[in-house]
Amino acid sequence: MKRTLLAIATLLATAAAFADYPEKPITIVVPFSAGGPTDKVARDFAEALRKPLKNATIVVENAAGAGGTLGATKVAKAAPDGHTLLLFHIGMATTPTMYRKLNYNVLNDFEYAGMINDVPMTLLGRKTLPANTYPELVKWLQENKGKINLANAGQGSASHLCGLMFQSAVQIDMTTVPYKGTAPAMNDLLGGQVDVMCDQTTNTTSQIAAGSVKAYAVSTAKRVNTPVLAKLPTLDESGLKGFNVSIFHGLYAPKGTPADVMAKLNTALKEALKDPEFIKRQEGLGAVVVTDGRLNPAEHKRFVAAEIDKWGAVIKAAGQYAD
Ligand code: ASP
């Protein structure tokens, strides 16, 4: 009896402590470089999330490295009070298979706040590459075997996964050059230090529009209907039958974050995703803001679990592991 009363008292005290959430600035950790595709999603999302969270200050912090696993580790070990959050992507689903040693378990060490968007990828080349179309690119890659540099954002990143699938589909091995995010990788593509890269449209749309890179195709099953991207064929229609890669982003908190804080975060996330400015910016960049059941934590978690199985099989087939 005494114990039960004590437990109830503790619960009430905890609930009272979090009744005013958020009480201080919230940090959203982005596990990739500033200015890249996930960072751009995070900064727009943080802006939209402020209003439903009592106009809280939301700081985006870049904790980049090791394909996103450094930032994810940081949040897994942070205080579970809802003031340190993780905005991560498909790396939630690739890194559990790829990394032999991870300091967290994506399904057990996080509370899920909900999913944010799906982002297509584009296959790009440096501007000085002689190929102007996808068939010309494949011809150039075949003629330059052994000399091709493919940029990515580290093992388990979206660009890594897409690059792996592309190499295996065209059966051409390339030298991969890892960065802490595709923001610095894009700088080197612009400078011509690397030849090709697969990158999310939230980072590539402006470069494609400016004509500073060559764009050959999109990674999704369907074309991407934006003014800048609609002209690009899919890899599937270009001959890589079944090629379909889309990158989700979601919001996560350390395990043990109180249920009422998570409920507030989920409500705020849903509100943020209805923000017309946010929707407009995301749509302009080719991203699809989530409106289905994956807005809900349990369904998003089931989706991530299914993605772990799906991409785990691809990673195992490629024999790509990181220590
Ligand atoms: N999302 C990463 C970034 O923001 C890129 C990637 O995963 O390929 O840099």
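Residues numbered from 1 in each chain as written. Predicted model: local features only at pLDDT ≥ 70, side-chain atom pairs only at ≥ 80, totals over all residues. Heavy atoms only, no water.

Engineer: Whenever I open this one, the site of the ligand confuses me. Can you help?
Structural biologist: Around the ligand, the neighbouring residues are Phe 32, Pro 37, Thr 38, His 89, Ala 153, Ser 157, Ala 158, Ser 159, Gly 181, Thr 182 and Gln 200. The contact in question runs from an oxygen atom of the ligand to an N or O atom on the backbone of Thr 182, over 2.8 Å. For the ligand, whose unbound accessible area comes to 270 Å², protein coverage reaches 100%. Mapped by element, the contributors of at least two residues to the shell around the ligand are helix H2 (37-50) and helix H6 (158-170). Looking at the shell around the ligand, its residues break down into 4 nonpolar, 7 polar and no charged. (Near = heavy atom within 4 Å. Polar contact = N/O pair within 3.5 Å; in protein donor to acceptor, adjacent residues only side chain to side chain. Areas by Shrake-Rupley, 256 points an atom, 1.4 Å probe, with all protein chains shown as cover. Helix = DSSP H or I, 4+ residues; strand = E, 2+ residues; numbered from the N terminus. Nonpolar A, V, L, I, M, F, W, Y, C, P; charged D, E, K, R; others polar.)

Engineer: Would you explain the packing of aromatic side chains in this entry?
Structural biologist: For any pair of aromatic rings, the description consists of the separation of the ring centres together with the inter-plane angle of the planes. Applying the stated criterion to the full structure yields 6 aromatic pairs. For the ring pair Phe 45 and Phe 278, a centre distance of 6.1 Å and an interplane angle of 65° mean the geometry is edge-to-face. Note that Phe 45 is positioned in helix H2 and Phe 278 in helix H10 (residues 276-284), a separation of 233 residues in sequence. Neither residue differs from the other here; Phe 45 and Phe 278 are each classed as buried. Cation over ring: Arg 294 sits above Phe 303, and NZ or CZ is 4.8 Å from the ring centre. (Phe/Tyr/Trp six-rings, centres within 6.5 Å; stacked < 30°, edge-to-face > 60°. Buried < 20%, exposed > 50% of the residue type's maximum accessible area, 1.4 Å probe, protein only. Lys NZ or Arg CZ within 6 Å of the ring centre and 35° of its normal.)

Engineer: Would you take a moment to explain the state of the cysteines for this structure?
Structural biologist: Covalent bonding between the sulfur atoms of two cysteines defines a disulfide. Applying the stated rule across the entire model yields 1 disulfide. Each disulfide pairs two cysteine sulfurs, and for Cys 162 the partner residue is Cys 198, the sulfurs being separated by 2.0 Å. Taken together, the residues Cys 162 in helix H6 and Cys 198 in strand S7 (residues 196-200) connect sequence positions 36 residues apart. Given a relative accessible area of 0%, Cys 162 falls into the buried group. (Disulfide = S-S within 2.5 Å.)

Engineer: Any chance you could explain the environment of Ala 64 here in plain terms?
Structural biologist: Secondary-structure assignment places Ala 64 in the loop between strand S2 (58-62) and helix H3 (69-76). As for Ala 64 and Gly 114, which are separated by 50 residues in sequence, their C-alpha atoms are 22 Å apart. In this structure Ala 64 touches Pro 31, Phe 32, Ser 33, Leu 70 and Lys 180, once residues within four positions along its chain are discounted. (Contact = heavy atoms within 4.5 Å.)

Engineer: Would you take a moment to explain unusual backbone geometry for this structure?
Structural biologist: The phi angle of most residues is negative, glycine excepted, and most peptide bonds adopt the trans form. Following Tyr 21, the chain continues into Pro 22 via a peptide bond in cis, with omega recorded as -5°. Mapped onto the elements, Pro 22 comes out in the loop between helix H1 (2-18) and strand S1 (26-30). Despite not being glycine, Asn 55 shows a phi value in the positive range, around 55°. Counting through the fold element by element, Asn 55 comes out in the loop between H2 and S2. A relative accessible area of 48% means that Asn 55 is categorised as partly exposed. Although it is not a glycine, Ala 66 adopts a positive phi angle of roughly 50°. Mapping Ala 66 onto the fold places it in the loop between S2 and H3.

Engineer: I'm lost on the nonpolar core in this one. Help?
Structural biologist: The nonpolar side chains of a soluble globular protein tend to be buried, and buried together. Of all hydrophobic cores here, the largest spans 84 residues; its most connected members are Ile 28, Phe 45, Phe 110, Tyr 134, Leu 137 and Phe 166. Top contributing element to this core by residue count: strand S4 (residues 110-126), with 8 residues. In this structure, Leu 124, Tyr 179, Ile 208 and Leu 229 belong to the second largest nonpolar core, which totals 16 residues. (Core = buried A, V, L, I, M, F, W, Y, C linked by side-chain atoms within 4.5 Å.)

Engineer: Sorry, what's going on with the pairing of S1 here?
Structural biologist: For a regular strand, side chains alternate in direction, first toward one face of the sheet and then toward the other. When you tally the buried positions in S1, you get 5 out of 5 residues, the bulk of the element. In S1, alternate side chains face the same way, and those of Ile 26, Ile 28 and Val 30 on one face and Thr 27 and Val 29 on the other are all buried. Looking at chain direction, S1 and S2 are connected through 5 bridges and run parallel. Paired with Ile 28 across the strands is Val 60, a residue of S2. The parallel pair S1 and S2 is bridged by H2, and the resulting crossover is right-handed. (Pairing = 2+ DSSP bridges. Right-handed = clockwise from strand over helix to strand, strands pointing away.)

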